[in-house]
Amino acid sequence: MTVIAPACEAELAEAIRAANGPFAIRGGGTRSPAADRPVLSTAGLVGVVLYEPGALTLVVKAGTPLAEVEDVLAAKNQRLAFEPMDHRPVLGTSGDPTIGGALAVNASGPRRVQAGAARDFLLGAVFVDGEGTRVRNGGRVMKNVTGYDLARLQAGARGSLGVLTELSFKVLPVPERVATLALACDTPGRAVAEMSRALGSPYEVTGAAWDGARVLLRIEGFADSVAYRAGELARIIPGLAPADEDPWPALRDGAALAPMERDIWRVSLRASHGAVLAERLREAGAAVQLDWGGALLWAATAPGTDLRAEMADLGGHATRLRGQGSTPARHPDPAPVAALAAGLRQKFDPRGLFAPEG
Amino acid sequence: MELPSPNPAILDRRAEIVARLKAALPAGTVIDDPRGLVAYECDALTAYRCPPLAVALPRSTQEVAEALKICHEMGVPVVPRGAGTSLAGGSLPTGDAVVIGVARLTRVLETDYADRIIRVETGRTNLSVTGAVEADGFFYAPDPSSQLACAISGNIGMNSGGAHCLKYGVTTNNLLGVTMVLMDGTVVEIGGAHMDAGDLDLLSVICGSEGQLGIVTEATLRILPKPEGARPVLMGFGSSRVAGACVSDIIEAGVLPVAIEFMDRPCIRACEAFAHAGYPDVEALLIIEVEGSPAEIDHQLRLIRGIAERHGPEVIRESTTAEESAAIWLGRKSAFGAMGQINDYMCLDGTIPVTELPLVLERIGELSAQYGLGVANVFHAGDGNMHPLILFDANKPGDLELCEQMGADILKLCVEVGGCLTGEHGVGVEKRDLMTVQFSEDDLEAQLKVKDVFDPKWLLNAAKVFPLAVTEGRRP
Amino acid sequence: MQTNFTEDQLREPGIARANEILRACVHCGFCTATCPSYQVLGDELDSPRGRIYLIKDMLESGRPADAETVSHIDRCLGCLACMTTCPSGVHYMHLVDHARAHIEKTWTRPWPERLLRGALARILPYPGRFRWAMVGAKLARPFRRLVPDARARAMLDMARAPIAAPSAMDQPQVHPAAGPRRGRVVLMTGCAQKALDADINAATIRLLTRLGIEVVIPEGEGCCGALVHHMGREEEAKQFAARNICTWMAQMEGLDAIVINTSGCGTTVKDYGHIFRNDPLAEAAAEVSAKAKDITEFLATLDLPAPERHGMRIAYHAACSLQHGQKVTAAPKTLLQAAGYEVSSPADAHLCCGSAGTYNLMQPEIAAELGRRKAGTLMALQPEAIAAGNIGCMTQIGARSGVPVVHTVELLDWAWGGPEPAKLAQG
């Protein structure tokens, strides 16, 4: 297998210009790169370019391992608030996730429901498009509407519009205290109702998930404030009690579903529809979890199941993270929208070098 | 500021264009009387004006699609308009363009508190979105100062921010889905009531595209539960530099207020005259707001006061009543208008890294002396989004040009220290020619490619955002 | 905002004032958000910002008014919500007054409109004529559907209201204070109001005298001039106003206030100073304006005894002339609360009900839509009665609300020892 690992943007651009067939773009290699394409690795594009804790901004090369980024921030008591998911447990891969990879799939964890997705914390990006042109967009300030937001367009584009080389993010302080509250609950309908009650309250819930047996709520902030809000939430949701463990990394990564020999799906839909779909899938024998107050559904289904057939009336979209089915892994967009996306890919990558593989 | 000269071939067909629009749209939708067109010759940036060829004010997505389809077929440029409150000339017409305004699309289509979303037609004003849900304890977070009047369509076009974006993010962070009409009349649904895109995140590029990719007629927005309480505190300082340093210290300390606003003396006086908020008469004022329960508010304010006191504030005063808080915000949000009592002005919108505030404020002072034009500063200090108001006399020949030059110098300074030309108002026509200061030719070309896909004939709002020389050959 | 007047033009005081107003406008568009006609029509030409533009264009060019401009200026209710909203302090009222006068001078309206406006100008300000007109309209009502003009139909509809018998109380006289005299006021008894509802003046007089205030109704006072002023008939308006000024100036000694209980009139009387600013009467007019007080404004200055509580749920409708024209916003609600009523305000309280002087007669469609919206927001409060400080609003809302609409002063009179308002007793 050919691996090209440019050491700088110029080398990357050169490699792209010289290419005569599609690449598999690889960050940390945690998401199973295809074997039949040469690998274009960002491993040579690493390091923090600028970190200004007083301005809450971090500029970093795209190939920098996530762990390294998190360490740098932790030293100043700051963090990436979107808590990117780690794909390794579900995909059974190894390697170190990179910041570029996280952004390229818009990997967002439980805090997405309150703080936002990876895309929401992105301030700017540099990428090299399919013709080897370096493009800079956005910047490193909190508010920036200068020109089109091509940086955010890269979030979730999986490199299909270009190879990310440098990213800037808004970072946030690490809160003084984190608390998790749990409520026994075995039906998705009730779980979503309780999560909606919590998320619709002024007590700033930063995680609201259902693991199949319990509703889990997270609150973060100054210690006194966390204690106060925990008390108020328990008042409006009787039965809610402090939980000792930290369930959030496992919920973020779908860790409970990973060991099952099933297909794994991640479905984004409106919260109340999350309850409906969860109920349908459970009846069909799937293992289901909910996050984002119900707006993110995780399902482990029998291999080959077409989950999308169950949600035709619900809207949203489903991604098959793991498994081989006859249906595409990514949710097809409606024709006029798909045409716009295809048009953009044609413009930024006319030779199809970065065409997604599935 | 150069405006492209209208295409004579289009002007010649004016009667035909108007006739086709009138035939396709209900009576009272198309304005073509020259007197009436004059009122649509500009938005809130009055320095540049040009009456359009015609104005259409449709009442539905379908009518918007009809109007666009006709213009597309006839090759007529279109300038979309929301409430016409752009400070960047976002809805400034060209003489050969049809203005399509969405002001009559104001309905609330769906409200769902369990899912915390609202779907509205985009002519609805920002504040009336909150108005539709506040009795039930919710609000729509982005709060541009013009929120009383500005429309959601324009908020999406400019990716509008506001004072409370420090905590809640800007429009793009609160927008879930849109119904958009493309230039050829195709209606597309992008996003929905769910979070994040399945494939490409087209919403992210639509939001902030200044009406160049399509006309958004409906939007699904995130609504949030209102905090238990909120309290602004006023802090007066002896100089802008010290106030700027205080802001950066607060942010670094890890206390995140929901808003940190800055006003200097000229602005304080103008706002006080309108809102009677009891602002102290100081050189530089910070309005810092925190939210939560009374105890949480007290705790945060204690921390903030602790930091501020190291900078020797002249005044620290917490608001004690809801009426007082409302007056404090009314004054701040009316700052641009209130300055109108005193002078003509040009409002800038550059953003800088917060750590550069003291330096940039000082340099602006120097430029003011150099050009002999006064400057009043009012801005969102917490996120470095500055609004220097350059004061000039619109009736004095040459003053506008001088003002434009000074504005360009300030914006170049913003870019120089690591910032950008515009934080929330948009490029529009005002900052169009400065885009090359911030972007390379390749950077701009990449943006143009996006428009090529959405609007291949370059008919939508095409004289904006990018320097005319850069778009030459693409525009009809 | 930039303006383009010549030196010559600016020598004319009206233009100079218009220029000053236009220069303050920054075109921010805030005014559009609180403009009722824009809310209904959605065209900027029907908003203050659009009208300011049309007026600017008309005045700068010095040309006569045209049909397009006139139609949009005519759709302005004159509610002045825009002035409350405007952060730049643009004096829209003086600008639109100037424009209306310019229209009146330079534009010939189509004859049916001339006829209608002429008739209104000759009838409304005179209670006697107005009463007879109402009787006539009542007789004509059965033939309403044969009337081709919506405006004329709207006039006939007004005759749905019962015609008030002339009252002895509001004839020229002095009503002495009950007990020791604590003050002395002139009461402006109004014109159309007298014909539509005699109870308001009666309640005002009872309440004031009971509170120790001598109430003078001088011989010679009449219409404030607002009705014709808003039609652009400057000279007629000034004749009405001058007569009032002279009448009231004779009463100035020891006078605490000129009390007005129709807020539409109050706004105009308070503007006499400006209307006569370039006139020999300037000083007297300014003095009169300074003395003019809305009834609630005046009552708020008095020490009030403990009320007789009736515990009624009242929705308070803020008349535009009161809240925007005179900026009297707190007093009526505070007084009603002090009187023991449970008071609430509707959503969009800043929006006009559509009455606006003769507006409901001249622009019946827009007025009806605004009336419908206002009644809706008021009734959403589930009140037992609605209170307002202006007869026009009372008539407009009363036709749509389903609960009695009373004048604020009637409720106050009831709480402080007066009879239960007849409208409540009947309702």
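Residues numbered from 1 in each chain as written. Chains lettered and ligands numbered in written order. Predicted model: local features only at pLDDT ≥ 70, side-chain atom pairs only at ≥ 80, totals over all residues. Heavy atoms only, no water.

**Description of the overall build of chain B**
Of the regular secondary structure elements, chain B holds 18 helices and 18 strands. On C-alpha atoms alone, chain B measures out to a radius of gyration of 22 Å, which is about the 23 Å that the 2.2 N^0.38 rule sets for 476 residues. The dimensions of chain B, computed from C-alpha atoms along their principal axes, are 70 × 55 × 40 Å. Taking all 476 residues of chain B together, the buried fraction comes to 69%. With the model as given, the accessible surface of chain B reaches about 14,200 Å², and the carbon-plus-sulfur share is 51%. (Helix = DSSP H or I, 4+ residues; strand = E, 2+ residues; numbered from the N terminus. Rg over C-alpha atoms; globule rule 2.2 N^0.38 Å. Buried < 20%, exposed > 50% of the residue type's maximum accessible area, 1.4 Å probe, protein only. Areas by Shrake-Rupley, 256 points an atom, 1.4 Å probe, with all protein chains shown as cover.)

**Comments concerning helix H9 (residues 111–123) of chain C**
The end-to-end C-alpha separation of H9 of chain C is 18 Å, in line with the 18 Å expected for 13 residues at 1.5 Å each. Regarding H9 of chain C, the residues found buried are Glu113, Leu116, Arg117, Gly118, Leu120 and Ala121 of chain C. (Expected span 1.5 Å × (residues − 1).)

**A word on the interface of chain C and chain B**
Listed per partner, the contact involves 34 residues of chain C and 37 residues of chain B. For the pair chain C and chain B, the summed buried area comes to about 2,700 Å², and 53% of that belongs to carbon and sulfur atoms. Ranking the residues of chain C by area buried against chain B places Phe30, Tyr53 and Pro87 of chain C at the top, with a combined share of 21%. Connecting chain C to chain B are four salt bridges. Between Asp66 of chain C and Arg35 of chain B there is a salt bridge whose closest N-O contact spans 2.9 Å. Here chain C and chain B share 17 residue pairs in polar contact (both at pLDDT 80 or more) between them. Counting residues per element, the side of chain C that touches chain B draws most heavily on helix H5 (residues 48–61) of chain C, which supplies five residues. Taken together, the residues of the side of chain C that touches chain B sort by class into 13 nonpolar, 13 polar and eight charged. (Contact = heavy atoms within 4.5 Å. Buried area = accessible area lost by both parts, 1.4 Å probe. Salt bridge = Lys/Arg side-chain N within 4 Å of Asp/Glu carboxyl O. Polar contact = N/O pair within 3.5 Å; in protein donor to acceptor, adjacent residues only side chain to side chain. Nonpolar A, V, L, I, M, F, W, Y, C, P; charged D, E, K, R; others polar.)

**Some points on the pairing of strand S3 (residues 78–81) of chain B**
All names here are of chain B. Here S3 shows two buried faces, one formed by Val78 and Pro80 and the other by Val79 and Arg81. For S3 and strand S4 (residues 98–101), the ladder comprises four bridges, and the chain directions are parallel. In the strand pairing of S4, Val79 is matched with Val99. (Pairing = 2+ DSSP bridges.)

**Brief notes about the environment of Pro421 of chain C**
Residue and element names in this part refer to chain C. Turning to its location among the elements, Pro421 is positioned in the loop between helix H25 (408–415) and helix H26 (422–426). Once the C-alpha coordinates of Pro421 and Val228 are considered, the two residues, 193 residues apart in sequence, prove to be 31 Å apart. Dropping the residues within four chain positions of it, Pro421 is found in contact with Val406, Glu410 and Trp414.

**Observations concerning unusual backbone geometry**
Phi is positive for Glu83 of chain A, close to 30 degrees, though the residue is something other than glycine. The phi dihedral of Arg116 of chain B falls on the positive side, at around 55 degrees, and the residue is not glycine. Its location among the elements puts Arg116 of chain B in the loop between strand S5 (108–112) and strand S6 (117–121).

**Re the nonpolar core**
Residues Leu344 of chain A together with Leu202, Leu286 and Phe454 of chain B are the most contacted members of the largest nonpolar core, which totals 134 residues. A per-element tally of this core places helix H15 (residues 399–416) of chain B first, with nine residues. Each residue touching Leu344 of chain A, except ones within four places of it in the same chain, is listed here: Leu153 and Leu161 of chain A together with Leu200, Leu202, Val450, Val453 and Phe454 of chain B. (Core = buried A, V, L, I, M, F, W, Y, C linked by side-chain atoms within 4.5 Å.)

**As for the domain arrangement of chain B**
Residue and element names in this part refer to chain B. Along its sequence, chain B is carved into domain 1 (8–104), domain 2 (108–225), domain 3 (230–336) and domain 4 (343–434). Facing eight residues of domain 2, the contacting portion of domain 4 comprises eight residues. Buried area between domain 2 and domain 4, both sides added, is near 590 Å², and the carbon and sulfur share of it is 48%. The largest contributions to the domain 2 side of the interface with domain 4 come from Met158, Leu166 and Glu210, which together make up 57% of the buried area. (Domains from an automatic or database assignment.)

**Side note on the interface of chain A and chain B**
Counting residues at the interface gives 74 residues for chain A and 87 residues for chain B. When chain A packs against chain B, the two sides together hide about 6,500 Å² of surface, and 56% of this comes from carbon and sulfur. Applying the counting rule to chain A against chain B returns 14 salt bridges. A salt bridge links Lys449 of chain B to Glu131 of chain A; its shortest N-O distance comes to 3.6 Å. Applying the counting criterion to the chain A and chain B interface returns 35 residue pairs in polar contact (both at pLDDT 80 or more).

**Notes on the arrangement of the chains**
Ranking by contact count across two pairs of chains in contact places chains A and B at the top. In this structure chain A stays clear of chain C, and the shortest span between their C-alpha atoms is 21 Å.

**Some details on the state of the cysteines**
Residue and element names in this part refer to chain B. Following the criterion strictly, the structure yields zero disulfides over all chains and no others. For the unlinked cysteine Cys207, the closest cysteine sulfur is that of Cys165, found at 11 Å. Judged by relative accessible area, Cys207 falls into the buried class, the value being 2%. As a non-bridged cysteine, Cys403 has Cys347 as the owner of its nearest cysteine sulfur, 11 Å distant. Taking the relative accessible area as the measure of exposure, Cys403 reaches 0% and is therefore buried. (Disulfide = S-S within 2.5 Å.)

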